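Survey of secondary and tertiary structure
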Amino acid sequence: VKDTLRQRFDAVREGTLQLLDLVADGAFDSQPDPDFSPIGWHVGHVATFEHYWLLEQCRGDPPLPDEYRRLFSPLETPKSLRRALPSRTEIMEMLGDVRARVLRYLESGRADPSRGLPDDERIFRNVIQHELQHSETMSLVLHMHDRPERPEQTPLLAPGEAGDTPMVRVPAGSFLMGRDPIGDTYDNEGPPHRVDLEEFFIDVHPVTNAQFLGFLSSGGYDERRCWGDDGWAWRCRHNVRAPRYWLARGDGWLARGFFGDGALRPDHPVQSLSWYEAEAYARWCGKRLPSEAEWEKAAAWDMSASRSLAYAWGDQPPDSSRCNFERAFDGTTAVGSFGSARSPSGCFDMNGNVWEWTATAFAPYPKFVPYPYEGYSQPYFDGQHRVLRGGSWATRGSIVRNTFRNWYAPATRVLFAGFRCTRDADG
Ligand code: AVJ
Ligand code: FE
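This structure is a prediction, so every number in the text was calculated from the model and none was measured.

With respect to spatial proximity, the complete set of residues near ligand 1 consists of His 130, Gln 133, His 134, Tyr 376, Asn 406, Trp 407 and Tyr 408. In the environment of ligand 1, a nitrogen atom lies 3.1 Å from a nitrogen or oxygen atom belonging to the side chain of His 130. One of the side-chain N or O atoms of His 134 is found 3.0 Å from a nitrogen atom in ligand 1. Coverage of ligand 1 by the protein amounts to 82% of the 360 Å² it exposes when considered alone. Elements that contribute at least two residues to the shell around ligand 1 include exactly α6 (121-144) and β12 (406-408).

Structure follows, in structure tokens:
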């Protein structure tokens, strides 16, 4: 057990450091979007979070110096004050020092049950998951910084023959939603519980750029009937005309990429749009967004075996032959590229490629038990956040699992997030 944890810690950190290698000094403490902290803040936060849970709460070490503890606490320092950071070297040193102490703690056999938090493997695994999540947020912030245009790319000029996405039927009946929140699983993914759903149809793959261009070109952004009240108010206030990372060039579009701006690929999933834009598209084509439960059933429920799969393809951990994750392709891939990763219902790209907005507001499952602290999920059960599922091309490790619940405010546009649509069986 100790070795596996150690290996997990090493592998996760290696990926974090690889990402940080791509970050220029100027991008370390700058804040391209006021809703997101600078990359350097995330690094410090990862270190102080690990220090707090493993060294202070489990081992009983004294806290970090007050100014560090305060600066890197999301509750105590507002996003507008997170640019005044210690030097990059200092933050990186803290990151390494904390980890070195945690690894020594692991070696030593651990466990002082008189401490506030039981020293079990779950908290270690939660700390690993926490770093994985912040690693994606760092990629989001890195992606916001301007980058060069790649001149050889040609913009996509016309909607082309977009076509509608084929749908599959998911029969009525109950399935087991969520999983036991142990090991790598967060508190909000459990407890597992039966959910009964009507029959529905769901798109076999996420909505593509070509399809979304169809909505845009036909005036969808100006068609009031496609938008909900909040969405319409938001669209008008910000004069939104296209997904955030679509760049108008002449008559066509480029798309912002991780290493430079390039062609908008017609057969890739659309990303960088808000929940409001996803909802408007769904209405435009007479469909709707799936509920979170519908999404999970379509991704995970193996009706013939009467059980939920951890990933669309089964229980084996993700790798690049099964899905697009961990920046293996540094961007989206064409929908349906991973043929062997079809879910039992027949859906592609359920794990990785783009996060998918669902219709559902983030809320606790019945008999939810917070862990390790109330503040991880509870403050966001406020009706103001929508659940996203499945993970993106930048999501790391097992977080692309079927039960993982991500959440953001519906106006958030900078996520590596798109969507797929659903409709009622008799709709
Ligand atoms: C679930 C991605 C919205 O980044 O605020 C990180 C995850 N929680 N540290 C966030 C999280 C505590 C959370 N999101
Ligand atoms: Fe955090």
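Taken together, three strands build an open sheet; the order of strands is β1-β4-β14 and the sheet is antiparallel. The open sheet has two free edges, formed respectively by β1 (167-170) and β14 (422-424), since each of these has just one partner strand. Each adjacent strand pair in this sheet contributes to an overall mean axis angle of 25 degrees, direction not counted. Pairing analysis gives three bridges linking strand β4 (residues 200-203) to β14, with the strands arranged antiparallel. By the bridge assignment, Phe 200 is partnered in β14 with Asp 424. In the packing of helix α10 (residues 292-300) onto the sheet, contacts are made with β1, β4 and β14, and the angle to β4 comes to roughly 75 degrees.

In this section: the coordination of the iron ion (ligand 2). Around the iron ion (ligand 2), the protein contributes the donor atoms His 45 (NE2), His 130 (NE2) and His 134 (NE2), at 2.1 to 2.2 Å from the metal centre. Each of the four donor atoms around the iron ion (ligand 2) contributes to a set of angles spanning 92 to 169 degrees, which defines the coordination as irregular. Summarised as a motif, the one-chain spacing of the donors to the iron ion (ligand 2) is H-x84-H-x3-H. Taken together, the residues span a long stretch of sequence, with His 45 in helix α3 (residues 39-59) and His 134 in helix α6 at a distance of 89 residues. Of the two residues examined, His 45 and His 134, each falls in the buried class.

So, about the packing of aromatic side chains. Summed over all chains, the structure comprises 37 aromatic pairs. Seen from their ring centres, Tyr 68 and Phe 72 are 6.1 Å apart, and the 75 degrees between their planes marks the pair as edge-to-face.

Attention now moves to the nonpolar core. Within the largest apolar cluster, 89 residues are counted, with the highest numbers of intra-cluster contacts made by Phe 9, Phe 124, Phe 212, Trp 246, Trp 357 and Phe 419. Apart from residues no more than four positions distant in its own chain, Phe 419 is found in contact with Pro 206, Val 207, Phe 212, Val 270, Leu 273, Ala 278, Tyr 281, Leu 289, Trp 355, Glu 356 and Trp 357. Counting residues in hydrophobic clusters, the runner-up holds 18 residues, among them Phe 200, Ile 202, Trp 301 and Cys 347.

Burial along β4 is two-sided: Phe 200 and Ile 202 facing one way and Phe 201 and Asp 203 facing the other are all buried. Bridge analysis of β1 against β4 gives four bridges, and the strand direction is antiparallel. Paired with Met 167 across the two strands is Asp 203, which belongs to β4.

Moving on, we come to the packing of helix α7 (residues 209-217) against helix α9 (residues 275-284). Where α7 meets α9, the closest approach of the two axes is 11 Å, and the angle between their N-to-C directions is 80 degrees. Accordingly, the angle class assigned to the pair α7 and α9 is roughly perpendicular. Across the interface between the two elements, Gln 211, Phe 212, Gly 214 and Phe 215 of α7 pack against Glu 277, Ala 280, Tyr 281 and Trp 284 of α9. Its residues assigned to classes, the contact of α7 with α9 comprises five nonpolar, two polar and one charged.

Conventions used here
All residue numbers refer to positions counted from 1 along the written sequence of the respective chain. Chains and ligands are labelled by the order in which they are written, letters from A for the one and numbers from 1 for the other. With the structure being a predicted model, the display of local features is reserved for residues of pLDDT at least 70 and the display and counting of side-chain atom pairs for 80 or more, all residues being used for whole-chain, interface and lining totals. Excluding hydrogens and water, the side-chain figures rest on all heavy atoms present in the structure. Whether a residue is near a molecule or strand depends on its heavy atoms: if one lies within 4 Å, it is near. Between N or O atoms, a polar contact is any pair within 3.5 Å; within protein, one atom must be a potential hydrogen donor and the other a potential acceptor, and residues adjacent in sequence are included only when both atoms are from side chains. Each accessible area is a Shrake-Rupley result for a 1.4 Å probe, and residues are judged covered by the shown protein chains and nothing else. Here a helix means four or more residues in a row that DSSP labels H or I, a strand means two or more in a row labelled E, and each is numbered from the N terminus. Any two strands with at least two DSSP bridges between them are considered paired. Every angle, taken between N-to-C directions, lies between 0 and 180 degrees, and every axis is a line fitted to C-alpha atoms, over only the stretch in contact when it is a helix. Note on contacts: a residue pair is in contact if any heavy atoms of the two residues lie within 4.5 Å. Sites may look incomplete because water is not among the atoms; the donors themselves are N, O and S atoms within 2.8 Å of the metal, or within 3.2 Å for Na, K and Ca. Metal sites are grouped by the angles between bound donors: all angles between 85 and 135 degrees with four donors is tetrahedral, opposite donors over 155 degrees apart with the others between 65 and 115 is square planar for four donors and octahedral for six, and any other pattern is irregular. Residue exposure (1.4 Å probe, protein chains only): buried if accessible area is under 20% of the type maximum, exposed if over 50%, otherwise partly exposed. Two aromatic rings, drawn from Phe, Tyr or Trp (for Trp, its six-membered ring), form a pair once their centres lie within 6.5 Å of each other, and the interplanar angle then sorts them: stacked below 30 degrees, edge-to-face above 60, tilted otherwise. Buried residues of nine kinds, namely Ala, Val, Leu, Ile, Met, Phe, Trp, Tyr and Cys, make up a nonpolar core once their side-chain atoms join them within 4.5 Å. Here the angle decides the label: under 35 degrees means roughly parallel, over 145 means roughly antiparallel, 65 to 115 means roughly perpendicular, and every other value means oblique. Asp, Glu, Lys and Arg are counted as charged, while Ala, Val, Leu, Ile, Met, Phe, Trp, Tyr, Cys and Pro are counted as nonpolar; the rest, among them Gly, fall into the polar class.

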